[in-house]
Amino acid sequence: MASEVKSGNVVETASGLAKTAYTKYEPVAEQYAVSAWRSLNQLPFFPRVAQVVVPTAAYCSEKCNQTVKDTAKKGYEVSSYLPLVPTEKISRVFAEEAAAH
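Summary of the structure given here. The shown structure was predicted, so the numbers you read here are calculated from the model rather than taken from an experiment. (Residues numbered from 1 in each chain as written. Predicted model: local features only at pLDDT ≥ 70, side-chain atom pairs only at ≥ 80, totals over all residues. Heavy atoms only, no water.)

### Some details on the pattern of salt bridges
Then, in step 1: According to the stated counting rule, one finds two salt bridges in the structure shown.
Then, in step 2: Note that Lys 89 and Glu 26 form a salt bridge whose closest N and O atoms lie 2.7 Å from each other. Of this pair, Lys 89 sits in helix H4 (residues 87-100) while Glu 26 sits in helix H2 (residues 10-41), and the two are 63 residues apart along the sequence.
Then, in step 3: Residue Lys 89 is classed as partly exposed on the basis of its relative accessible area, which comes to 26%.
Then, in step 4: According to the relative accessible area criterion, Glu 26 is buried, its value standing at 17%.
Then, in step 5: It is possible to trace a salt-bridge network through shared partners that takes in Glu 26, Glu 30 and Lys 89. (Salt bridge = Lys/Arg side-chain N within 4 Å of Asp/Glu carboxyl O. Helix = DSSP H or I, 4+ residues; strand = E, 2+ residues; numbered from the N terminus. Buried < 20%, exposed > 50% of the residue type's maximum accessible area, 1.4 Å probe, protein only.)

Listed below in C-alpha cells is the structure:
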C-alpha cells in the first residue's frame, strides 16, 4: 500500500501542501504565541507556574524529537514524515521577546 501511495505522487502532493501551509501560517502562529505569552505573564501566578512547566515541556519536546529521529534511523518510514518540535526556534523567539521588554 505504501508503494501505491508513493507511485501516485500523493506523498509529494501532501508534502508540498504541508510545506506551503507551514510557510504561510507559521509566522502568524508565532506572533499569536508571543502575544499569548505576554498576556499570560501579566497574571500574578503565571510566571511561577511557567518556571515549573517550561523546563518540563522543553524536556518532553527534546525526548519526542529524539524518538522521532531514532525511529527514522531504525527504518520506520512513517517517522520520516513526523515533524520535529522546533525547540531552538521557540527558545530564540521567546528570548528575543524577553530582551525586547
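The discussion continues.
### Points about the packing of aromatic side chains
Then, in step 1: Going through the model one piece at a time under the given rule, you end up with one aromatic pair.
Then, in step 2: For the pair Trp 37 and Phe 46, a centre-to-centre distance of 5.3 Å together with 80 degrees between the ring planes defines the contact as edge-to-face.
Then, in step 3: On the basis of relative accessibility, which here comes to 28%, the residue Trp 37 falls in the partly exposed class.
Then, in step 4: Judged by its relative accessible area of 13%, Phe 46 falls in the buried class. (Phe/Tyr/Trp six-rings, centres within 6.5 Å; stacked < 30°, edge-to-face > 60°.)

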